Amino acid sequence: MKNTHLEHLEDDILNSGSAGGKDVISFLRQFGHMLTGIPSELSVTTKWDGAPAIVCGTEPITGRFFVGTKSVFNKVNPKICFDDTDVDRFYKGQLADKLKDCLEYLPQLNISGIVQGDLLYTQGDKRSGIVGGNRVICFTPNTITYAVPLGSRKASAIHLSKLGIVFHTVYKGDTLQTAQVVPQKQAPKYYSTQDVFVASADFADATGSTLFNPRDAVRYQSVIKMAEGSLKRSSAFLDNILLQGQSKFVMNLMLKRFFNEQIRSGMKITNTKDIVSKFAKYYTTSINIEISSKKSARAIQRWKDAKAQGTQFIAKYEKELYFLIASYISIRTAKQMVLRQLNKEKSIKTFVGARPTTPEGYVAHHNNKMLKFVDDEFRLANITVDKQWDSK
C-alpha cells in the first residue's frame, strides 16, 4: 500500500461497507476517550498543507540517498534522483529546483529507511509579515499560509534554515516498487539542523484545551449513538451497493462522487430526505450523460439497461438509502465536533489568503488503519489550487 491517497472518515462506509461502518464508530469512540481525558488507542497526526510530496531516504538496493516525488514508486520509469543530473532528467522548473535543495540538505538528517513528507518551504519561500500587530515569519507551500511569531524558538529555526519539511509516513521493502507503508502510532521523528527545519506532525495538547466540556461530551456520545443506530439499519445495504452497477456507475462510487460534489460546491449535507432525492436525480443525470456520449446502438442500449436497473435499485431500497445518508450525516456531525476541539490547539496561525482559517486537518491511526479528518472549509478552498506537484 502506497500512501498516495488517504480516505475521509465518512467515506469509509462507502468504501468498505458494513465493516467500514464498524471501523468509523470505533474511531469516533476512541476520539471520545481522547477528548474527555480517558486513555485512547488512537494516535493523531496533524496534516500540514505542504507541497510537493517528498519521498526520500536510503534506496534499498544501492544504499544511496535519494529524493523524488511519489513518482519514485512508478512500476515503469520510476523517477528516483540520486544527484542533480537525475533531477534534470525527470523534473523541470521550480519543482526541479526544490528537489535539488532536498538533495543538498536532507542528507543531514541521516535518514536510514524510506520516508514520505511534505515540503513546507525552501529559502525563497519565506517572508515576514504582521498578524494581530505582531511580526511573524510566513510561508505558503500550497493553499494555507503558516505564520510563526518572530522571537519564538520556532521562528528563529525557520529563519536560519534553508528548507522546511514535515514527515508523516514510513515505508519498508526490498525495492521502492515493492515498498509498503509501515503503520506508525507516531510520525517519524527527525531532529532539525541549522539548514533543515523539521516540523512535527504529531498532535499534542499540552494544556488540555481540546477537551470536551461536559455538555458537549454528552452530545457527542448522542451523535455517535445516532450514527450507530442508522448504520445497523443500513448494514446489508452498505454491502449491497459495493456490487450494484458497473464501471464508474457502481452505486457506492456514485454516492461518493455525489457527496464530494455537494461538499466542493459548498452545499450543506444536512436534510436526509432532500439528499435522497438529490442523489436519485444525480444518478439519472450522470447516466444520461453517459448514454448521450455513446454512438453505437449496442452501447446505448447497454447503458439504458444499466440506467433502468440503477433507478429501480434506488427506488426499491429508498428506505435503506435514507438510513445510509442519515449515517453519513451523523458521522460528519461527530467529525465536525472532533475537529472543533482539535483546532483549539493552535501554536501556529493559519490563513487562506488574508482570512484566518483552521489547519488542513488530521490523520487518525487505529488498528493499523488511517483515516483523515478534514474540514469542508479546506476542501472547498483547495479546489482552486493547481496540484502541479502531484502531477509531476
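The structure under discussion appears in the preceding block.
Computed from a predicted structure; not experimentally measured.

Helix and strand counts for the protein chain stand at 11 helices and 14 strands. Relative to a compact globule of 392 residues, whose C-alpha radius of gyration would be 21 Å, the protein chain shows 23 Å and is just as compact. Dimensions of the protein chain, computed from C-alpha atoms along their principal axes, come out at roughly 65 × 60 × 40 Å. Of all 392 residues assigned to the protein chain, the portion counted as buried reaches 51%. Taking as baseline every contact in the protein chain between residues at least 6 positions apart, the subset at least 24 positions apart corresponds to 68%. Surface exposure of the protein chain reaches about 18800 Å², of which carbon and sulfur atoms provide 51%. A distance of 5 Å separates the average location of the 54 positive side-chain charges in the protein chain from that of its 37 negative side-chain charges.

Here strand S10 (residues 196–199) shows two buried faces, one formed by Val196 and Val198 and the other by Phe197 and Ala199. Direction of pairing for strand S8 (residues 163–172) relative to S10: parallel, over a ladder of four bridges. By the bridge assignment, leucine 163 is partnered in S10 with valine 196.

Okay, unusual backbone geometry next. Note the cis peptide between alanine 51 and proline 52, where omega equals 0°. Note that proline 52 resides in the loop between strand S1 (43–47) and strand S2 (53–58). For asparagine 77, which is not glycine, the phi dihedral falls at a positive 55°. Mapping asparagine 77 onto the fold places it in the loop between strand S3 (65–68) and helix H2 (84–90). Phi at asparagine 110 is positive, roughly 55°, even though this residue is not glycine. Here asparagine 110 lies in the loop between helix H3 (93–105) and strand S4 (114–122). Among the residues examined, asparagine 110 registers a relative accessible area of 63% and is labelled exposed.

Under the definition given, this model contains 16 salt bridges. Glutamate 360 is the partner of lysine 47 in a salt bridge, and the nearest nitrogen-oxygen pair spans 3.4 Å. With lysine 47 in strand S1 and glutamate 360 in the loop between strand S12 (355–356) and strand S13 (361–366), the pair connects residues that are 313 residues apart, well separated along the chain. By relative accessible area, which is 18% here, lysine 47 ends up buried. Judged by relative accessible area, glutamate 360 falls into the buried class, the value being 9%.

Attention now goes to the packing of aromatic side chains. For the coordinates displayed, the defined rule picks out 18 aromatic pairs. Pairwise contacts between aromatic rings join Phe258, Phe259, Phe279, Tyr282 and Tyr328 into one cluster. Across from the ring centre of phenylalanine 90, 4.9 Å away, lies the NZ or CZ of arginine 89, which sits over that ring.

Moving on: the sheet that holds strand S11 (residues 349–352). Across the sheet, five strands lie side by side as S5-S6-S7-S11-S12; this open sheet has antiparallel pairing. Edge positions in the sheet fall to strand S5 (127–131) and S12, since each of these pairs with one other strand and no more. Of the pairings in the sheet, the one linking S11 to S12 comprises two bridges and is antiparallel in character. Paired with valine 352 across the bridge in S12 is arginine 355.

Conventions used here
- Per-chain numbering applies: the sequence of each chain, read as written, is numbered from 1 onward.
- Only residues with pLDDT of at least 70 get local features here, since the model is predicted, and only at 80 or more are side-chain atom pairs given and counted; chain-wide, interface and lining totals rely on the full set of residues.
- By convention in this description, side-chain values take in all heavy atoms of the structure and omit both hydrogens and water.
- By definition, any uninterrupted DSSP run of H or I lasting at least four residues is a helix, any uninterrupted run of E lasting at least two residues is a strand, and each is numbered from the N terminus.
- For the radius of gyration, the atom set is restricted to C-alpha positions; the globular benchmark scales as 2.2 Å times the number of residues to the power 0.38.
- Only protein chains enter the accessibility calculation, which uses a 1.4 Å probe. A residue is then buried if its area is under 20% of the maximum for its type, exposed if over 50%, and partly exposed in between.
- Any two residues whose heavy atoms approach within 4.5 Å at even a single point are treated as in contact.
- Computed with a 1.4 Å probe, the accessible areas rest on the Shrake-Rupley method; for each residue, only the protein chains presented here act as cover.
- Only four residue types enter the charge count: Lys and Arg as positive, Asp and Glu as negative, with His and the chain ends excluded.
- For charged residues, the charge sits on one atom: NZ in Lys, CZ in Arg, CG in Asp, CD in Glu.
- Here, any two strands with at least 2 DSSP bridges between them count as paired.
- Salt bridges are counted wherever a side-chain nitrogen of Lys or Arg sits within 4 Å of a carboxyl oxygen of Asp or Glu.
- Each aromatic pair joins two rings of Phe, Tyr and Trp (for Trp, the six-membered one) with centres within 6.5 Å, and gets the label stacked for planes under 30 degrees apart, edge-to-face for over 60, and tilted for any other angle.
- Charge-over-ring contacts are defined here by two conditions on Lys NZ or Arg CZ: a distance within 6 Å of the ring centre and an angle within 35 degrees of the ring normal.

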